[in-house]
Amino acid sequence: MTKIKADPDGPEAQAEACCGERTYHELLVNLNPIAQPLASRRLTRKLYKCIKKAVKQKQIRRGVKEVQKFINKGEKGIMVLAGDTLPIEVYCHLPVMCEDRNLPYVYIPSKTDLGAAAGSKRPTCVIMVKPHEEYQEAYDECLEEVRALPPPM
């Protein structure tokens, strides 16, 4: 008797593949109450692409301590915060710092996806994307949309 190999494109394989990634709406369930302004699904995808391009050029700041240090030094860029970080005391001071320095910031639903976009297996709760000529068009597009979002209450 020989074993029959499973079809890699069969319905079972597709069902397993879709269960690994959660949809945007499933991720919204875990959001913090302070996660405003929240990026739309389309803007979230654009931000992930921009982050991936910035990682190639080494133009990102990752993690609360590093981002906070460079905000204090006066560095400019788009701040991307994960909306599902607990406890919120870890990073709740960063939006206030951004508002004081006129830096655009936006929340996205998942810290796991944010870490993955930055090329890390580790979840990341905050990333600052700095402008660079290699991906300036994508950066400007994201910047425009982040600034168009309604300000938090």
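Residues numbered from 1 in each chain as written. Predicted model: local features only at pLDDT ≥ 70, side-chain atom pairs only at ≥ 80, totals over all residues. Heavy atoms only, no water.

**Focus: the side chain of D84**
Applicable threshold: Think of it this way: any DSSP run of H or I at least four residues long counts as a helix, any run of E at least two long counts as a strand, and we number them from the N terminus. The definition of a polar contact used here is a pair of N or O atoms within 3.5 Å, where within protein one atom must be able to donate a hydrogen and the other to accept one, and adjacent residues in sequence count solely through side-chain atom pairs. Residue contacts follow a heavy-atom distance rule, with two residues in contact if any of their heavy atoms lie within 4.5 Å.
Mapping D84 onto the fold places it in the loop between β2 (78-82) and α5 (94-100). Within the local environment of D84, its side chain forms a polar contact with the backbone nitrogen of K111, the two atoms lying 2.9 Å apart. Ignoring any residue separated from it by four or fewer positions in sequence, one finds D84 in contact with N30, N32, P109, S110 and K111.

**Re the layout of surface pockets**
This is how the line gets drawn: Whether a set of points on the 1 Å grid over the protein atoms alone is a cavity depends on a 1.4 Å probe fitting there but being unable to get out, while an open set qualifies as a pocket with protein on both sides within 12 Å along at least five of seven lines; lining residues are those with an atom within 4 Å of a point. Grid points are joined across faces, edges and corners, and a volume is the space filled by probe spheres set on the points. Amino acids are sorted into nonpolar (Ala, Val, Leu, Ile, Met, Phe, Trp, Tyr, Cys and Pro), charged (Asp, Glu, Lys and Arg) and polar (every other residue, Gly among them).
Estimates place the volume of the largest pocket at around 440 Å³. Forming the boundary of the largest pocket are 18 residues, of which E21, R22, L27, Y48 and D113 lie nearest the centre. Looking at the lining of the largest pocket, the elements with two or more residues in it are α2 (24-27), α3 (41-56) and α6 (111-117). Take the lining of the largest pocket: its biggest share by element is six residues, from α3. A class-by-class count of the residues in the lining of the largest pocket yields six nonpolar, five polar and seven charged. In this structure, the second largest pocket encloses a volume near 250 Å³. Around the second largest pocket sit 13 residues that line it, and L103, P104, Y105, V146 and R147 are the ones nearest its centre. Those elements that provide at least two residues to the lining of the second largest pocket are α5 and α7 (136-148). Grouping the amino acids of the lining of the second largest pocket by side-chain chemistry returns ten nonpolar, one polar and two charged.

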